[in-house]
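Spelled out, the chains give:
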Amino acid sequence: LLGREERLEHPQPDLVGRWKEPKGSDTTEFLADGTVTERLATGESIRGRYTLEGSKLRIRLQGMTDDLSFTAVVKGNTLEMTDPDGAKTSYERAV
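Residues numbered from 1 in each chain as written. Predicted model: local features only at pLDDT ≥ 70, side-chain atom pairs only at ≥ 80, totals over all residues. Heavy atoms only, no water.

Asker: Residues and numbers for the side chain of threonine 27, please.
Answerer: Residue position: threonine 27 is located in strand β2 (residues 27-30). Taking relative accessible area as the criterion, threonine 27 reaches 10% and is therefore assigned buried. The contact partners of threonine 27, leaving out residues within four places of it in the chain, are Arg18, Trp19, Lys20, Thr37, Glu38 and Arg39. (Helix = DSSP H or I, 4+ residues; strand = E, 2+ residues; numbered from the N terminus. Buried < 20%, exposed > 50% of the residue type's maximum accessible area, 1.4 Å probe, protein only. Contact = heavy atoms within 4.5 Å.)

Okay, here's the thing in structure tokens:
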């Protein structure tokens, strides 16, 4: 029962899709197979993998030794990611 209540309190956000920073041109795309691609304004792409357990998002990008950890919340067409230090970044679903 506790596990079910936990899932209701922290629904898994619908991350699959492409997201962009509202004031920038970088995009992040999460695919259903667990891969992620960061496309920078410079045209460079960085690929990696992600896992999502509840609202806990972990991303490992190629060339980085440490995983990136966030709390991820999707509200409508907005993705809010909060890092362990409390810094929040918002993204809009890209069309």
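On we go from here.
Asker: I'd like to hear about the packing of aromatic side chains, residue by residue, with values.
Answerer: Scanning the model with the defined rule gives one aromatic pair in all. Relative to tyrosine 50, the ring of phenylalanine 30 has its centre 5.0 Å away and its plane inclined at 80°; by these criteria the two rings are edge-to-face. Taken as a pair, phenylalanine 30 in strand β2 and tyrosine 50 in strand β4 (residues 45-53) lie far apart in primary sequence, 20 residues in all. Classification of phenylalanine 30 as buried rests on a relative accessible area of 1%. (Phe/Tyr/Trp six-rings, centres within 6.5 Å; stacked < 30°, edge-to-face > 60°.)

Asker: Residue-level account of the sheet that holds strand β1 (residues 17-20), with values.
Answerer: Around the barrel, which closes on itself, the eight strands sit in the order β1-β2-β3-β4-β5-β6-β7-β8 with antiparallel pairing between neighbours. Across this sheet, the average inter-strand angle for adjacent strands is 35°, counted without regard to direction. Here strand β3 (residues 35-39) pairs with β4 via five bridges, running antiparallel. Residue pairing in the sheet places valine 36 in a bridge with glycine 48 of β4. (Pairing = 2+ DSSP bridges. Axes fitted to C-alpha atoms, helices over the stretch in contact; angles between N-to-C directions.)

Asker: Tell me about the environment of threonine 28, and name the residues and values.
Answerer: Take threonine 28: it is sitting in strand β2. Sequence spacing of threonine 28 and glycine 17 is eleven residues, and the spatial spacing of their C-alpha atoms is 8.3 Å. When near neighbours in sequence (up to four residues on either side) are disregarded, threonine 28 contacts Gly17, Arg18, Trp19, Val36, Thr37 and Glu38. A polar atom in the side chain of threonine 28 sits 3.1 Å from the side chain of glutamate 38. (Polar contact = N/O pair within 3.5 Å; in protein donor to acceptor, adjacent residues only side chain to side chain.)

Asker: Give me the lowdown on the nonpolar core, citing residues and values where you can.
Answerer: Counting residues in hydrophobic clusters, the biggest one holds 14 residues, and the most contacted among them are Leu15, Phe30, Tyr50, Leu57, Ile59, Leu79 and Met81. When residues in this core are grouped by element, the largest group, three residues, is from strand β5 (residues 56-61). Leave out the neighbours within four places in its chain, and isoleucine 59 touches Phe30, Val36, Arg49, Tyr50, Asp67, Leu68, Phe70 and Met81. (Core = buried A, V, L, I, M, F, W, Y, C linked by side-chain atoms within 4.5 Å.)

Asker: Could you give an account of the confidence of the model for the protein chain, naming the residues involved and the relevant values?
Answerer: Detailed reading of the predicted model is not advised wherever pLDDT is low. Looking at the protein chain as a whole, its pLDDT mean stands at 86, while 86% of the residues score no less than 70. Confidence, read as mean pLDDT per element, is least for helix α1 (residues 2-9) in the protein chain (40) and greatest for β5 (96). Throughout residues 1-12 the model reports pLDDT below 50, and contacts reaching past four residues in sequence, or to other chains, amount to five contacts. (pLDDT = per-residue confidence, 0-100.)

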